[in-house]
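Survey of secondary and tertiary structure
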Amino acid sequence: MHAAGPGANVDSDSNVGDEDPLDAAAAINLRYLYGLLQRYRWLIIGVTIASALAGVALTMLITPRYTASSSVQIDQEAKRA
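Below: a short report on this structure. Model, not experiment: these values are computed from the prediction.

**Examining the overall build of the chain**
- Regarding its fold elements, the chain presents two helices and zero strands.
- Out of the 81 residues in the chain, the part that is buried amounts to 0%.

Set out below in structure tokens:
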């Protein structure tokens, strides 16, 4: 016999109406997270843009550590008859 608690399915022979608690918890968490994203969307957008601009500025201002140089030497050959 199963103990029937609040929200428990009284009919033990049928699985109709059983909900997976993980699905219900995930839906609540997703709604909460979506609400947070909506509430703070301008802050998120502002921080993202500011970080991208700071990254570009630092990239342009930092002196490159690695440089490469090359030279081409052209020898003149003697004319052959």
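**Looking at a nonpolar patch on the surface**
- The grouping of Leu37, Tyr40, Leu43, Ile44 and Val47 at the surface amounts to a nonpolar patch, some 460 Å² of accessible area in total.
- Among the elements that take part in the nonpolar patch, helix H2 (residues 41-61) stands out by supplying three residues, more than any other.
- Within the fold, Val47 resides in helix H2.
- Residue classification places Val47 among the partly exposed positions, given a relative accessible area of 47%.

**Notes on the environment of Ser51**
- Its place among the elements puts Ser51 in helix H2.
- Residue classification places Ser51 among the partly exposed residues on the basis of a relative accessible area of 47%.
- Here Val47 takes part through its backbone oxygen, which lies 2.8 Å from a polar atom of the side chain of Ser51.

Cut-off values and rules
- Residues numbered from 1 in each chain as written.
- Predicted model: local features only at pLDDT ≥ 70, side-chain atom pairs only at ≥ 80, totals over all residues.
- Heavy atoms only, no water.
- Helix = DSSP H or I, 4+ residues; strand = E, 2+ residues; numbered from the N terminus.
- Buried < 20%, exposed > 50% of the residue type's maximum accessible area, 1.4 Å probe, protein only.
- Patch = residues over 30% accessible without salt bridge, like charges linked within 9 Å, V, L, I, M, F, W, Y side chains within 5 Å.
- Areas by Shrake-Rupley, 256 points an atom, 1.4 Å probe, with all protein chains shown as cover.
- Salt bridge = Lys/Arg side-chain N within 4 Å of Asp/Glu carboxyl O.
- Polar contact = N/O pair within 3.5 Å; in protein donor to acceptor, adjacent residues only side chain to side chain.

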